[in-house]
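Topology and contacts: notes
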Amino acid sequence: MLVQRTVKVPIHYATTKNKLHVLDRLTARLTYAVKLWSEIIERHGIRTRRKLQQLEYQHSVRDQTGLSAGFVQQCGNQALWMWESYRELHSKWQKVVGKVRARGNESWLRKLLEREPSKPFHGKNSNRKIPTRFDYRTGEVQQSEHAKLSPLLIRVSTLKKHEKLTIFLNPPNYHLEFLKRGEIRDFQLVKHGKKYYAHIVVQYEVEDQPIRAVRGVDLGIRRSAATVLLRPDRPLMRRDFSIIRDGLKRQRLNQLNKRVTELQQNKKWEALKRMRRKRRRVAEYYDRLTANQIADISSECLVVIGYPKWIKYENYRGNGKRKLRRLMTRWTYGRIIRYVREECAEKGIKVIRPDERWSSMTCHRCGSRNTERPTQSAIYCYNCGLVYNADFNAAINIGSSILAEPRSRGVQLNHPELRMNQPERLVSAGAIGL
Ligand SMILES: [Zn+2]
């Protein structure tokens, strides 16, 4: 399996003001080019990379920005990518709006309409700098000859022809290990606050693990994850279930939140900034830990991961579920899933994310959605009478959603005759590239 990993390396603290000024100007110009591209894409309804390559567009951006052809193309790709993700987000949003309209829930609809995703360069953050990719045409990462100052540097083209800018990086040792393992694909220059970082994409080969079972993972609100091991030749047993708890994360974040509130009340802005950064680092640390735990228990598995996707739209402000919303703010499912992918990829374990929206309210035994949650942690099925742990029910649904017949899969897993068929289903899941 080919693994890509992004390593975020700060540029060296001894970088001169002059160089930073050149970088500022370059990144501002690149952002301008992305904006011009964005306008072209909107005006001409461009949806493919091929359309983007039409010479008249390329020339128009080049004339207006004075950038080299390589930069112009990279900015175009960036703009197209921004439009692609906007369109995806917008169509999801539209689907939810349609449903809410059909249900006639006016106050919910109003909240939802306020949250329409905005087009690139139209929204609140339309003035921020857009990081673009540098590849062999516009920049490269090199080993430094002045190893004392820094082992690594980047060289980027500037606004002046034939003039390159050399910037030393300040990589921690564990990043260097990564960079040595693989081939550097490309990098981005990203400004966070006043500091620049090089986000370097490294690519390397990891040996695939064979797939002998499926591990279903449900990310939740009240705990990190509930997981279940689905094996083709065995019914579910107690040891196939595991819960990864986040008590420590919760405790630490609560402490930090308290500090943040105090600093806010005392108007200590600088300290507040530092404290917020610390809170983010702590959250990232615990998410990484969760991801590691999932990877550790998933040898020879296909990991199937799901999360309460619609929860952010459905738990809008003012629907009375304040406590649930407060719990949710701690969760960054996108980040945990990214970490799980990364940690599993390191071990040659594949991860997929099915579109399993109903996993938490579908009965895993009979497939019925006619269910109820008598408590937060239990699910009751009106159709077949099953009473089950709600977290594990969701994890089973997610794990088996990639099997041939998702409905009645609980029966398949427990029924002695049907158990015989399971290996084929797993093989076929592997055969279509999962
Ligand atoms: Zn049922």
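Up top you'll find the structure we're talking about.
In this text the structure is predicted, and so the values were computed from the model without any measurement.

With respect to the coordination of the zinc ion
- Ligation of the zinc ion by protein atoms is provided by Cys363 (SG), Cys366 (SG), Cys381 (SG) and Cys384 (SG), these donors lying 2.2 to 2.3 Å from the ion.
- Within one chain, the residues serving as donors to the zinc ion are arranged as C-x2-C-x14-C-x2-C. With Cys363 in the loop between strand S12 (351-352) and strand S13 (371-372) and Cys381 in strand S14 (residues 378-381), this pair connects stretches of sequence that are 18 residues apart.

Comments concerning the sheet that holds strand S11 (residues 301-306)
- Pairing within the open sheet is mixed, and its five strands lie in the order S10-S9-S8-S11-S12. In this open sheet, the two edge strands, each paired with only one partner strand, are strand S10 (241-244) and S12.
- Where strand S9 (residues 225-230) meets S10, four bridges bridge the pair, whose relative direction is antiparallel. Counterpart to Val228 in the pairing with S10 is Phe241.

Things to note about the sheet that holds S13
- Spatial strand order, S13-S14-S15: three strands in an open sheet with antiparallel pairing. Unpaired on one side and paired on the other, S13 and strand S15 (387-389) mark the two borders of the sheet.
- Bridge count for S14 against S15 is three bridges, and the pairing is antiparallel. Among the inter-strand pairings, Ala378 is bridged to a residue of S15, identified as Asn389.

Notes on a nonpolar patch on the surface
- Judged by side-chain polarity, Tyr380, Tyr382 and Val387 come together as a nonpolar surface patch covering roughly 300 Å² of accessible area.
- Mapped onto the fold, Val387 is located in strand S15.

Some remarks on the packing of aromatic side chains
- Tallied over the entire structure, the rule returns seven aromatic pairs.
- Seen in terms of ring centroids, Phe71 and Phe134 are 5.8 Å apart; in terms of plane orientation they differ by 85 degrees. Their pairing is edge-to-face. With Phe71 in helix H4 (residues 69-103) and Phe134 in strand S2 (residues 133-134), this pair connects stretches of sequence that are 63 residues apart.
- Exposure remark for Phe71: the relative accessible area of 2% places this residue in the buried category.
- Taking relative accessible area as the criterion, Phe134 reaches 2% and is therefore assigned buried.

Some details on the pairing of strand S6 (residues 183-192)
- Two elements, S2 and S6, share two bridges in a ladder whose sense is antiparallel. Bridged to Arg133 within S6 is Gln188.
- Pairing geometry for S6 and strand S7 (residues 195-205), over nine bridges, is antiparallel. Bridge pairing in S7 links Lys191 to Tyr196.
- Linking two consecutive strands that pair antiparallel, namely S6 and S7, is a turn of two residues; a positive phi of about 65 degrees is found at Gly193 within it.

Concerning the pattern of salt bridges
- Evaluation of the coordinates by the stated rule reveals 23 salt bridges.
- For the salt bridge of Asp24 with Lys191, the shortest nitrogen-to-oxygen distance reads 2.9 Å. One end of the pair, Asp24, is in helix H1 (residues 17-44); the other, Lys191, is in strand S6, and 167 residues separate them in sequence.
- Its relative accessible area of 25% is what places Asp24 among the partly exposed residues.
- A relative accessible area of 33% places Lys191 in the partly exposed class.
- Within the structure, one salt-bridge network assembled from shared partners comprises Arg5, Arg181, Arg288, Glu342, Glu343 and Glu346.

Concerning the packing of helix H7 (residues 247-265) against helix H8 (residues 269-296)
- Relative to each other, H7 and H8 sit at 170 degrees, their axes nearing to 9 Å. Between H7 and H8, the interaxial angle falls into the category roughly antiparallel. Side by side, H7 and H8 meet where Leu248, Lys249, Arg252, Leu253, Leu256, Asn257, Arg259, Val260, Leu263 and Gln264 of the first sit next to Trp269, Ala271, Leu272, Met275, Arg276, Lys278, Arg279, Val282, Ala283, Tyr286 and Asp287 of the second.

Details of the side chain of Asp391
- The topology assignment puts Asp391 in helix H12 (residues 390-400).
- What makes Asp391 buried here is its relative accessible area of 17%.

So, the environment of Cys301
- For Cys301, the location among the structural elements is in strand S11.
- With a relative accessible area of 4%, Cys301 lands in the buried category.
- In this structure the C-alpha to C-alpha distance between Cys301 and Pro210, which are 91 residues apart in sequence, comes to 7.5 Å.
- Leaving out residues up to four positions away in the same chain, Cys301 has contacts with Pro210, Ile211, Ala213, Arg215, Leu229, Ile349 and Lys350.

What about the environment of Glu163?
- Take Glu163: it is sitting in the loop between strand S4 (152-157) and strand S5 (164-168).
- Among all residues touching Glu163, those that are not within four sequence positions of it are Val156, Ser157 and Thr158.

Concerning a positive patch on the surface
- Taken together, the side chains of Lys195, Arg259, Arg274, Arg277, Lys278 and Arg281 define a basic patch exposed on the protein surface.
- Broken down by element, the positive patch gets its largest block of residues, four residues, from H8.
- Note on placement: Lys195 falls in strand S7.

Conventions we followed
Residues numbered from 1 in each chain as written. Predicted model: local features only at pLDDT ≥ 70, side-chain atom pairs only at ≥ 80, totals over all residues. Heavy atoms only, no water. Donors = N, O, S within 2.8 Å, 3.2 Å for Na, K, Ca; no water. Helix = DSSP H or I, 4+ residues; strand = E, 2+ residues; numbered from the N terminus. Pairing = 2+ DSSP bridges. Patch = residues over 30% accessible without salt bridge, like charges linked within 9 Å, V, L, I, M, F, W, Y side chains within 5 Å. Areas by Shrake-Rupley, 256 points an atom, 1.4 Å probe, with all protein chains shown as cover. Salt bridge = Lys/Arg side-chain N within 4 Å of Asp/Glu carboxyl O. Phe/Tyr/Trp six-rings, centres within 6.5 Å; stacked < 30°, edge-to-face > 60°. Buried < 20%, exposed > 50% of the residue type's maximum accessible area, 1.4 Å probe, protein only. Axes fitted to C-alpha atoms, helices over the stretch in contact; angles between N-to-C directions. Parallel < 35°, antiparallel > 145°, perpendicular 65-115°, else oblique. Contact = heavy atoms within 4.5 Å. Lys, Arg positive; Asp, Glu negative; His and termini not counted. Charge placed at Lys NZ, Arg CZ, Asp CG, Glu CD.

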